[in-house]
Amino acid sequence: MTASTLVSLNQVSKVFANGVMALDRFDLDVRQGEFLSLLGPSGCGKSTVLRLIAGLTEPTSGSVTWPGSFDADHRSEIGFVFQEPTLMPWADVADNVWLPLRLRGVSRKEARERIAESLALVGLEDFAKAYPRELSGGMKMRVSIARALSVKPRLLLMDEPFAALDEITRFKLNDDLLKLKAELNCTIVFVTHSIYESAYLSNRIAVLTPRPGRVVAEIPGAPEYERGSDFRTSRAYAELCRHVSQILTRNLADGSLS
Ligand SMILES: Nc1ncnc2c1ncn2[C@@H]1O[C@H](COP(=O)(O)OP(=O)(O)O)[C@@H](O)[C@H]1O
Ligand SMILES: [Mg+2]
């Protein structure tokens, strides 16, 4: 059975005002409940895809459609996590997490419970009153994730969220993210240029060509039964990484000839 489609990009092209064509007839379906990674080289249009899904930018041609019930008010059910935590330095952690709710007109008092819940989900319940400068890079990213979760998103868009972190912190946040997804039962579209990260996290990996970006391969992730606690050191994971790497390399080589 194929899971139902949450959002579809249909023949989407995006040309910026300076004439740069970021995407050319781009097709992608995001399925309900999946962890989908967009993997591709820098500048291939990954962030543009996320921004199109979030409605932060419009396609030059083609369409972004939301089949099913998600349609009516889908923007309020989307959480966005950027590459940098982008926290307000003058505000404490709780106030930072409040921001998206505040923008939706929810008072601090009304938001109190949601803020506490979101911080608990990322393991920062004891840091509500801390300021960003008092936190490590990994903790700041957790705050940024809690902020995206405060709107109870059905769709979480993550733009290279762990790229700036050291590997040990990144591995920990990868595991926490998988747990979080299981708990929240949401859909995640995750942008990365790391083969290893995409192979570790995803149910499905969409491999993009260099600009203008197009999906050249869709690779299924490892089945759930293989993704236990020692998945990272397993043979199945190593083979998946090798497979993804081969496809990416082949597609980069093709791109450089054209
Ligand atoms: N607002 C913009 N104006 C002009 N060019 C842009 C703009 N945003 C992105 N681009 C260009 O479009 C291409 C794709 O960008 P982006 O989606 O950020 O790629 P990625 O996230 O894969 O690195 C890049 O060449 C980038 O320089
Ligand atoms: Mg980007």
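Residues numbered from 1 in each chain as written. Chains lettered and ligands numbered in written order. Predicted model: local features only at pLDDT ≥ 70, side-chain atom pairs only at ≥ 80, totals over all residues. Heavy atoms only, no water.

## Some points on the overall build of the chain
To be explicit about the condition: For helices the rule is a DSSP run of H or I covering at least 4 residues; for strands it is a run of E covering at least 2, with both sets numbered from the N terminus onward. Only the C-alpha atoms count toward the radius of gyration. The rule for a globule is 2.2 Å times the residue count to the power 0.38. Each residue is assigned to one of three classes by its accessible area relative to the maximum for its type, calculated with a 1.4 Å probe on protein chains only: buried under 20%, partly exposed between the two thresholds, exposed over 50%. Any two residues having at least one pair of non-hydrogen atoms within 4.5 Å are treated as being in contact. Computed by Shrake-Rupley with a 1.4 Å probe, the accessible areas treat only the displayed protein chains as cover when residues are assessed.
Along the chain, the regular secondary structure elements total seven helices and nine strands. Relative to the compact-globule value of 18 Å for 258 residues, the chain shows a C-alpha radius of gyration of 18 Å, a close match. By principal-axis analysis of the C-alpha atoms, the chain measures approximately 55 × 45 × 40 Å. A burial count over the chain gives 49% of its 258 residues as buried. Of the contacts formed within the chain by residues at least 6 apart in sequence, a portion of 71% connects residues at least 24 apart. Of the roughly 12800 Å² that the chain leaves accessible, carbon and sulfur atoms contribute 52%.

## A word on the pattern of salt bridges
Formally: The term salt bridge refers to a side-chain nitrogen of Lys or Arg lying within 4 Å of a carboxyl oxygen of Asp or Glu.
One pass over the structure, following the stated rule, counts twelve salt bridges. We note a salt bridge from Asp24 to Arg25, for which the minimum N-O separation is 2.9 Å. The class of Asp24 is buried, set by a relative accessible area of 14%. Put simply, Arg108 and Asp95 hold a salt bridge, and the shortest N to O gap is 2.6 Å. You can see Arg108 sitting in helix α3 (residues 108-121) and its partner Asp95 sitting in helix α2 (residues 93-103), a full 13 residues away along the chain. Asp95 gets classed as partly exposed once you look at its relative accessible area, which sits at 25%. Salt bridges sharing common partners tie together Arg142, Lys172, Asp176 and Lys179.

## Quick notes on the environment of Arg142
For the record, the criterion: Pairs of N or O atoms are called polar contacts if they sit within 3.5 Å, as long as, within protein, a hydrogen donor faces a hydrogen acceptor (for residues adjacent in sequence, only side-chain-to-side-chain pairs).
Here Arg142 shows up in helix α4 (residues 137-149). Counting along the chain gives 95 residues from Arg142 to Tyr237, while the straight-line C-alpha distance between them is 26 Å. Arg142 has contacts with Val122, Leu124, Lys172, Leu173 and Asp176, leaving out every residue within four places of it along the chain. Within the structure, the side chain of Arg142 is placed 3.0 Å from the side chain of Asp176, a separation counted as a polar contact.

## As for empty space enclosed by the protein
A probe matching the size of a water molecule, rolled over the atoms, marks out where space remains unfilled. Note the following rule: Detection works on a 1 Å grid of protein atoms alone, calling trapped sets that fit a 1.4 Å probe cavities and calling open sets with protein on both sides within 12 Å along at least five of seven lines pockets, with lining residues defined by an atom within 4 Å of a point. Grid points are joined across faces, edges and corners, and a volume is the space filled by probe spheres set on the points.
Applying the stated criterion to the full structure yields one cavity of 30 Å³ or more. In this structure, the largest cavity encloses a volume near 30 Å³. Lining of the largest cavity is provided by Glu160, Phe162, Ala163, Arg170, Val191, Thr192, His193, Ser194 and Glu197.

## A word on the side chain of Thr192
Examined against the element boundaries, Thr192 turns out to sit in strand β7 (residues 187-192). Side-chain polar atoms of Thr192 contact the backbone nitrogen of Ser194, separated by 2.8 Å. Setting aside anything within four residues of it in sequence, one finds Thr192 in contact with Leu38, Leu39, Gly40, Lys46, Glu160, Arg170, Glu197 and Ser198.

## Side note on the sheet that holds strand β4 (residues 61-65)
Our working definition: Pairing between two strands requires that DSSP report at least two bridges joining them. As a rule, the C-alpha atoms of each element are fitted with a line to give its axis, helices using only the stretch in contact, and angles between N-to-C directions run from 0 to 180 degrees.
If you walk across this open sheet you meet the three strands as β2-β1-β4, and the pairing is antiparallel. Either end of the sheet is taken by a strand with one partner, and the two such strands are β2 (21-31) and β4. Direction aside, neighbouring strands of the sheet carry axes that sit 10 degrees apart on average. Strand direction decides the pairing type here: strand β1 (residues 5-15) and β4, joined by four bridges, are antiparallel.

## Thoughts on the site of ligand 1
Heads up, the condition is: Proximity criterion: a residue is near a molecule or strand once any of its heavy atoms comes within 4 Å of it. Amino acid classes used here: Ala, Val, Leu, Ile, Met, Phe, Trp, Tyr, Cys and Pro are nonpolar; Asp, Glu, Lys and Arg are charged; the rest, including Gly, are polar.
Around ligand 1 sit 13 residues in total, of which Gly43, Gly45, Lys46, Ser47 and Thr48 are the nearest. With respect to ligand 1, the backbone of Lys46 contributes an N or O atom lying 2.9 Å from an oxygen atom. Between ligand 1 and the protein, one listed contact pairs an oxygen atom with a side-chain N or O atom of Thr48 at 2.5 Å. In the complex, 64% of the free accessible area of ligand 1, which totals 560 Å², lies under the protein chains. At three residues, the largest contribution of residues to the shell around ligand 1 is made by helix α1 (residues 46-54). Considering only residue class, the shell around ligand 1 consists of five nonpolar, six polar and two charged.

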